Amino acid sequence: MAKPVLKKTAIALGWLALWQMASLIVHQSVLLAGPMESLRALGQMVVTADFWQTAAFTMLRIAGGFLLAFVLALAFGTLAHRFPLTGDILAPLVAAMKSVPVACFVVLLLVWAGSQNLTFIIVFLVAFPILYLNTREGLDRADGQLLEMARVFRMGSWRKLRYVYLPALLPSLVSGCQLALGMSWKSGVAAEVIGTPLHSIGQRLYFAKIYLEIDHLFAWTFVILLLSMLFESVFLALLNWAARRMEGTDDIRM
């Protein structure tokens, strides 16, 4: 256990050293602030109430958009698996959500919904097609022979879900969640930079660019990474726990 931690720590310190060397070579903080300058800026920010309000604003909206996408993707993915016509009807909408650039959605939503609701809706639009398609893919992988056996022995819907569909669904769903979580933070903060809703991380990044506060830009980037990792760890741990309760197994390999 200690060796992987030491290895990761050494790699992180190595990258920090390269970052510090690059900042010393550039020798212009308005172009490339070093790690110490960025940490100093972060230390100045975390003691203010505005920092926590800003972090909470973005965190809650990204988490809310992702969770809504997760629930609806499970529901509609299951319907599409059970009733193929549902999948055919949803196919053009899902294709549009996958293909249309985030910037196009942002411009439309700024007109329709305003900037304060922008992050929540953009995250939903980005996460839903990923989770929906992975849900369908996982359910479609269910073993046909096991399903036939379940029908022969008249297995109930709950036991069929627990012993046939869940083992097929989980690997695909976990993979989709990992991808969707990363994309949610990228798209959500990018939408905030464009729409600049009040008290959002995206607005702070935009101001950092305007005022050439590169140390603050790196500090907020670190905050985004930390919040993203925290939310992903908590969500996947809860998903793992719920699946173990349903499946009755020791663990899900993620």
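Since this is a predicted model, take the numbers as computed values, not measurements.

Draft legend 1. Representation of the overall build of the chain within the structure. A count of helical and extended segments in the chain gives 10 helices and zero strands. The order of α-helices and β-strands along the chain, N terminus first, is α-α-α-α-α-α-α-α-α-α. In the chain, 73% of the contacts between residues at least 6 apart in sequence involve partners at least 24 apart.

Draft legend 2. Focus on the pattern of salt bridges. Under the counting rule described, the total for this entry stands at one salt bridge. When the shortest N-O distance is used, the salt bridge between Asp50 and Arg204 registers 2.8 Å. In this pair, Asp50 is assigned in helix H3 (residues 49-82) and Arg204 in helix H9 (residues 201-210), connecting sequence segments 154 residues apart.

Draft legend 3. Highlighting the packing of aromatic side chains. As enumerated under the stated definition, the model contains 13 aromatic pairs in all. Aromatic pair Phe66 and Phe235: ring centres 5.0 Å apart, planes at 85°, arrangement edge-to-face. Taken together, the positions of Phe66 in helix H3 and Phe235 in helix H10 (residues 214-247) put the pair 169 residues apart, joining distant regions of the chain. Given a relative accessible area of 10%, Phe235 falls into the buried group. Here Phe76 and Phe128 contribute two aromatic rings whose centre-to-centre distance is 6.5 Å and whose plane-to-plane angle is 75°, an arrangement assigned as edge-to-face. Of this pair, Phe76 sits in helix H3 while Phe128 sits in helix H6 (residues 118-140), and the two are 52 residues apart along the sequence. The class of Phe76 is partly exposed, set by a relative accessible area of 32%. Positioned over the ring face of Phe57 is Arg61, at 3.7 Å from the centre of the ring.

Draft legend 4. Representation of the nonpolar core in the model. Core analysis: the biggest nonpolar cluster contains 51 residues, and Phe66, Leu131 and Cys177 have the highest contact counts within it. Per-element accounting of this core gives the leading share, 12 residues, to H6. Setting aside residues no more than four positions away along its own chain, Leu131 makes contact with Phe66, Ala69, Phe70, Ala73, Gly176, Cys177 and Ala180.

Draft legend 5. Fine view of the side chain of Ser38. One can find Ser38 in helix H2 (residues 35-46). The contact partners of Ser38, leaving out residues within four places of it in the chain, are Trp19, Ala33, Asp215, Phe218 and Ala219.

Draft legend 6. Highlighting the packing of helix H4 (residues 84-99) against H6. The contact between H4 and H6 brings their axes to 9 Å, and the two run at 135°. For the element pair H4 / H6, the angle class is oblique. In the packing of H4 onto H6, the handedness of the crossing is left-handed. Contact residues: Gly87, Leu90, Val94, Met97 and Lys98 in H4; Phe124, Leu125, Phe128, Pro129, Tyr132, Leu133 and Arg136 in H6. Of the residues contributing to the contact of H4 with H6, the split by class is nine nonpolar, one polar and two charged.

Draft legend 7. Fine view of a nonpolar patch on the surface. A grouping of Ile11, Trp15, Leu18 and Met21 is seen on the molecular surface, where their side chains present a nonpolar patch of about 460 Å² in accessible area. By the secondary structure assignment, Trp15 is in helix H1 (residues 2-26).

Conventions and cut-offs
Residues numbered from 1 in each chain as written. Predicted model: local features only at pLDDT ≥ 70, side-chain atom pairs only at ≥ 80, totals over all residues. Heavy atoms only, no water. Helix = DSSP H or I, 4+ residues; strand = E, 2+ residues; numbered from the N terminus. Contact = heavy atoms within 4.5 Å. Salt bridge = Lys/Arg side-chain N within 4 Å of Asp/Glu carboxyl O. Phe/Tyr/Trp six-rings, centres within 6.5 Å; stacked < 30°, edge-to-face > 60°. Buried < 20%, exposed > 50% of the residue type's maximum accessible area, 1.4 Å probe, protein only. Lys NZ or Arg CZ within 6 Å of the ring centre and 35° of its normal. Core = buried A, V, L, I, M, F, W, Y, C linked by side-chain atoms within 4.5 Å. Axes fitted to C-alpha atoms, helices over the stretch in contact; angles between N-to-C directions. Parallel < 35°, antiparallel > 145°, perpendicular 65-115°, else oblique. Left-handed = near helix turned anticlockwise from the far one by under 90°. Nonpolar A, V, L, I, M, F, W, Y, C, P; charged D, E, K, R; others polar. Patch = residues over 30% accessible without salt bridge, like charges linked within 9 Å, V, L, I, M, F, W, Y side chains within 5 Å. Areas by Shrake-Rupley, 256 points an atom, 1.4 Å probe, with all protein chains shown as cover.

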